[in-house]
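Structure assessment
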Amino acid sequence: MRRIGETFTSAGRPLFIAFIVACDPDFESSVAAARALVEGGADIIELGVPFSDPVADGPVIQRADVRALAAGATPDSVFEIVRRMRLFSTVPVVLLTYYNIVHHRGISRFYREAGEAGVDGILIADMPVEESGPVMKVAEKTGIDQIFMVCETTSPERLEQILKNARGFIYLVSHMGVTGVLPALPHGAMAFVRYIREKTHMPLAVGFGVATPAHAAELYNAGADAAIAGSAIVSIIEKHRDDMESMKKALKNYAISMRAATNGPGGA
Amino acid sequence: MPGKKGRFGKFGGQYVPEALMATLIELEESYQKISRDREFVRELSHYLKNYAGRSTPLTYCPNMSEDLGAKIYLKREDLLHGGAHKLNNTLGQALLARYMGKKRLIAETGAGQHGVATAIAGAMLNLPVEVYMGEEDIARQRLNVFRMELMGAKVIPVRTGSRTLKDAVNEALRDWVGNIGDTHYLIGSVVGPHPFPLIVRDFQTVIGREVRKQSMNAEGRLPDRLIACVGGGSNAIGLFHPFIRDNVTMTGAEAGGHGLITGEHGATLCGGTPGVLHGAFSYLLQDENGQIAETHSISAGLDYPGVGPEHSMLRDTGRVHYIAVNDDEALSAFRYLPRREGIIPAMESAHAIAAARRLKDEFTRDDIVVINLSGRGDKDVAGVAAMQGGFQ
Ligand SMILES: Cc1ncc(COP(=O)(O)O)c(C=O)c1O
C-alpha cells in the first residue's frame with residue numbers, strides 16, 4: 001500500500017494535515033516550518049507550489065505566494081524542500097499546485113521529479129476530473145496519488161467520476177469560497193461529510209476554513225478522517241516571518257494543539 | 001473522461017476549481033436552451049436595435065483610402081451605446097443571467113469599457129453590478145470609473161499582482177466561487193473556461209454578420225481584408241468569425257508595448273507559448289517556470305497576458321495572421337485618424353488602425369479593407385493630453 005493510504009489505515013485515529021507554501025518566506029524557513037509541524041504531530045504535510053495567479057486562494061495564501069516567488073521559488077526549490085524533509089521524516093507529502101506549473105514543466109517530467117524527491121500525492125487546484133485524462137495516465141505510472149476536491153455543488157454523476165479517479169484521499173471543500181480562516185465552520189460542512197461518507201470508503205480530508213482544534217473535532221465527529229489547516233498556519237508564518245525561532249515554536253505549539261484533537265474528547 | 005468539450009482544436013477547456021464546475025455546467029445548459037429560444041433572440045435584438053443603436057455603420061473613409069491605397073472602411077462599434085463593442089456581449093449575458101435567475105452581476109475590466117457596458121446592462125435590467133478593476137487601470141481610466149459609478153455600479157479596486165486586467169479577472173473568479181448561487185460572472189472577452197469563449201463570440205458575431213451585408217450593399221462583394229485589435233479577442237472574433245470560410249485575409253493586431261524583444265508587451269499570440277490561465281488552455285505570456293508574466297501596453301484593454309482559445313487555434317492553423325503593434329505606432333494612429341477622418345479611436349482600436357497603416361504595401365487599389373473600430377477614444381483623451389503636458 002502507498003504511504004498516504006497506509007498512514008490513514010495505521011493511525012487508528014483521524015489525521016491532522018498541515019499546509020504551508022513552499023519557500024514562504026524563503027527556502028530555509030519553509031524547511032524549518034515543515035519540520036516544526038511534523039515535530040508537533042502533523043500527520044501529512046501539504047506543500048503549496050507558489051503560483052502568480054492562485055484563483056482558488058484567499059488573501060492569506062496569496063500573500064504567501066507573493067513572498068515565496070519574491071524569494072525565488074521554482075519547482076526545483078519545491079522538490080528540494082521535499083528532499084530535505086525526507087532527511088528527517090517519512091510523513092506523506094502532498095503537493096498542491098495549479099495546472100500551468102505542471103503543464104509548463106511537462107506533466108511527465110513534473111511527476112517523475114516529484115516522485116523522485118519523495119512526493120506522495122498531487123492535487124491540482126484548477127484541474128477538474130474532466131480535464132484530468134493526461135495527468136491521470138502519468139500519475140498512475142509514477143505511483144503518485146492524484147487527489148481531487150469535491151464540494152457541496154458537485155453533482156452525483158460527477159462525484160462518481162471523481163471517486164473513480166481519486167487516489168490517496170478525497171479533499172472535501174468545507175464551504176463555497178476561496179481558502180481562508182472561518183470564525184466557525186458552516187453547519188452544512190458536517191452534513192456534507194456525512195453525505196460523502198456514505199458514498200465511499202476512501203479517507204475523507206476536510207479543508208478550507210479549518211483553523212482550530214474545535215473545528216477539527218467537529219469534523220472528526222461528523223466522520224472526517226482528516227482535517228486540513230492552511231491559512232491558519234500560513235498566518236502564523238506570516239506573523240513570525242522575521243524571527244525563525246519564534247516561528248518554529250509557534251508552529252510546533254499549533255501542531256500539538258491540532259494533533260491533540262485527533263485523540264478525541266479527553267485525549268488532549 | 002478527458003473531455004473534448006469546449007475545445008477549439010486543442011485549445012480551451014475548463015481548468016477551474018471544483019467549486020465552479022457546477023455553475024459552468026448550469027451556464028452551458030442555460031445558454032444552449034436560451035440561444036435557441038425565439039423569445040430570447042427577439043428580446044436581445046430588440047435591445048440591440050432600440051437601446052444600443054445597432055446596426056452600426058460601415059463607414060467609407062476617403063482620406064485614409066487615399067493614404068493607404070485601398071478602399072478603407074471602418075466598422076463603427078465606437079458608435080454603439082457605451083462607446084465600444086462591449087455592449088453586444090453584456091446585453092446578451094445580462095439577459096442570460098436574468099433568465100438563469102441570477103440577482104447580481106460581477107465583471108472585470110481593464111480599459112473600463114467592459115465595466116461600463118456591464119453597468120449599462122445592469123442598470124437597464126435592474127441587476128446590481130460590481131466591477132473589479134486593477135488600481136493601475138483605475139488611475140489611467142478615471143473617466144470610465146466615474147461613468148460606471150454614475151450608472152450605479154460599484155468599482156472594486158484590485159491591489160494584487162500587477163494591479164491590471166489579469167488580477168481583476170482573478171478577483172472576479174474568487175468572488176464568483178463564493179457567490180455562485182446568486183451571481184453571474186459577466187466575463188468581458190472570449191477568454192475564460194468553456195462556455196464563455198463560445199457565448200461571448202456568439203454575442204459579438206453580430207459585428208461580422210452586419211459587415212457581410214453592408215459590404216454587399218456598398219461594394220457588391222465581401223471584403224478582401226479584415227483587421228481588428230486583439231486583447232482577449234472579442235471584437236476581433238466578432239468580426240472574423242462570420243468570414244472564416246470565405247476567401248478573406250484576416251489580421252489581428254496585438255499590443256506590442258515597448259517592442260517584443262523588450263519583453264514589455266501584451267502580444268500573447270506573437271510572443272507567448274501555450275499554457276493555462278483563467279480556466280482555458282491557450283497561448284499566454286509566462287516565464288520559464290510557468291508563472292504568468294507581467295504585461296505592458298499603452299492601452300489598458302490590451303494589457304493582458306492571455307488570449308481567447310479560438311484565436312490560439314486560428315494562429316496555429318494560420319487562418320488569421322497576428323502582428324504586434326507597438327505603443328508608439330498606436331499613439332501615432334490615435335492622432336492620425338481624427339485628423340484625417342474626424343474620428344477619435346479608442347487606444348485599443350488605434351492598434352488596428354496602425355496595423356492597416358503598416359500593411360499598406362500589401363494593399364491594391366481595389367482591395368476592400370474593413371477595420372474594426374472597436375471603440376471611441378474619449379476615455380483615452382486625458383491620458384494622451386497628459387503625455388504632452390496636460391490639456392492647457
Ligand atoms: C475599445 C476596445 N477595443 C478592444 C478591447 C480589447 O478586447 P477584445 O480583444 O476582447 O475586443 C477593449 C477592451 O477593453 C476595448 O475597450
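Read on for a plain summary of the structure. (Residues numbered from 1 in each chain as written. Chains lettered and ligands numbered in written order. Predicted model: local features only at pLDDT ≥ 70, side-chain atom pairs only at ≥ 80, totals over all residues. Heavy atoms only, no water.)

**Here we look at the overall build of chain B**
From N to C terminus, chain B includes 16 helices and 14 strands. In summary, chain B has a C-alpha radius of gyration of 19 Å against a globular reference of 21 Å for 392 residues, a match within 12%. Principal axes of the C-alpha set define a box for chain B whose edges measure 55 × 45 × 45 Å. Within chain B, buried positions represent 64% of all 392 residues. For chain B, the computed accessible surface area is about 13900 Å², with 50% contributed by carbon and sulfur atoms. With 44 positive and 45 negative side-chain charges, chain B shows a spacing of 5 Å between the two charge centroids. (Helix = DSSP H or I, 4+ residues; strand = E, 2+ residues; numbered from the N terminus. Rg over C-alpha atoms; globule rule 2.2 N^0.38 Å. Buried < 20%, exposed > 50% of the residue type's maximum accessible area, 1.4 Å probe, protein only. Areas by Shrake-Rupley, 256 points an atom, 1.4 Å probe, with all protein chains shown as cover. Lys, Arg positive; Asp, Glu negative; His and termini not counted. Charge placed at Lys NZ, Arg CZ, Asp CG, Glu CD.)

**Concerning the sheet that holds strand β7 (residues 204-207) of chain A**
All names here are of chain A. Pairing within the closed barrel is parallel, and its eight strands lie in the order β1-β2-β3-β4-β5-β6-β7-β8. Each strand axis lies, on average, 25 degrees off the axis of its neighbour in the sheet, ignoring direction. Inspection of the sheet shows strand β4 (residues 121-124) paired to strand β5 (residues 145-150) by three bridges, in the parallel sense. Bridging across to β5, Gly121 finds its partner in Asp145. Each of β1 (15-21) and β8 (226-229) is contacted by helix α11 (residues 231-239), which is oriented at about 50 degrees to β1, the strand it contacts most. The strands that helix α12 (residues 244-261) touches are β1 and β8; relative to β1, the one it contacts most, it runs at about 150 degrees. (Pairing = 2+ DSSP bridges. Axes fitted to C-alpha atoms, helices over the stretch in contact; angles between N-to-C directions. Contact = heavy atoms within 4.5 Å.)

**Overview of the sheet that holds strand β5 (residues 104-109) of chain B**
All names here are of chain B. Taking strand neighbours across the sheet as the criterion, the four strands line up as β7-β6-β5-β8 in an open arrangement whose pairing is parallel. Looking at which strands have only one partner, the edges of the open sheet turn out to be β7 (154-158) and β8 (183-185). Recorded for the sheet is a direction-independent mean angle of 25 degrees between the axes of neighbouring strands. In the sheet, β5 pairs with strand β6 (residues 129-134) via five bridges, with the strands oriented parallel.

**Brief notes about the packing of aromatic side chains**
All chains considered together, the criterion is met by 15 aromatic pairs over all chains. On the basis of an interplanar angle of 20 degrees and a centroid distance of 5.4 Å, the ring pair of B:Phe11 and B:Phe281 is categorised as stacked. With a gap of 270 residues between them, B:Phe11 in strand β2 (residues 11-12) and B:Phe281 in strand β12 (residues 280-284) connect regions that are remote in the sequence. A relative accessible area of 2% means that B:Phe11 is categorised as buried. An aromatic cluster of three or more residues is present, and its members are A:Phe79, A:Phe110 and A:Tyr111. (Phe/Tyr/Trp six-rings, centres within 6.5 Å; stacked < 30°, edge-to-face > 60°.)

**What to know about the site of the ligand**
Residues and elements named next belong to chain B. Neighbouring the ligand are 18 residues, the closest being Ser189, Gly231, Gly233, Ser234 and Ser374. Between an oxygen atom of the ligand and a main-chain N or O atom of Gly231, the distance comes to 2.7 Å. Contact between the ligand and Ser234: an oxygen atom at 2.7 Å from a side-chain N or O atom of the residue. In isolation the ligand has 390 Å² of accessible area, and contact with the protein removes 97% of it. (Near = heavy atom within 4 Å. Polar contact = N/O pair within 3.5 Å; in protein donor to acceptor, adjacent residues only side chain to side chain.)

**Re the interface of chain A and chain B**
At the junction of the two partners, chain A supplies 37 residues and chain B supplies 39 residues. Between chain A and chain B lies a buried interface of about 3000 Å² when both sides are counted; carbon and sulfur atoms form 56% of it. If you sort the residues of chain A by the area they bury against chain B, A:Asp53, A:Val55 and A:Glu131 come out on top, with a joint share of 19%. Applying the counting rule to chain A against chain B returns three salt bridges. One salt bridge in this structure joins A:Glu131 and B:Arg7, with 2.5 Å as the shortest N-O distance. (Buried area = accessible area lost by both parts, 1.4 Å probe. Salt bridge = Lys/Arg side-chain N within 4 Å of Asp/Glu carboxyl O.)

**A closer look at the nonpolar core**
Counting 198 residues, the largest nonpolar core has A:Phe16, A:Leu95, A:Tyr111, A:Phe169 and A:Ile233 as the members making the most contacts within it. Counting 34 residues, the second largest nonpolar core, distinct from the first, contains B:Ile323, B:Leu331, B:Ala333 and B:Ile353. (Core = buried A, V, L, I, M, F, W, Y, C linked by side-chain atoms within 4.5 Å.)

Function-wise, these values are silent; they only describe arrangement.
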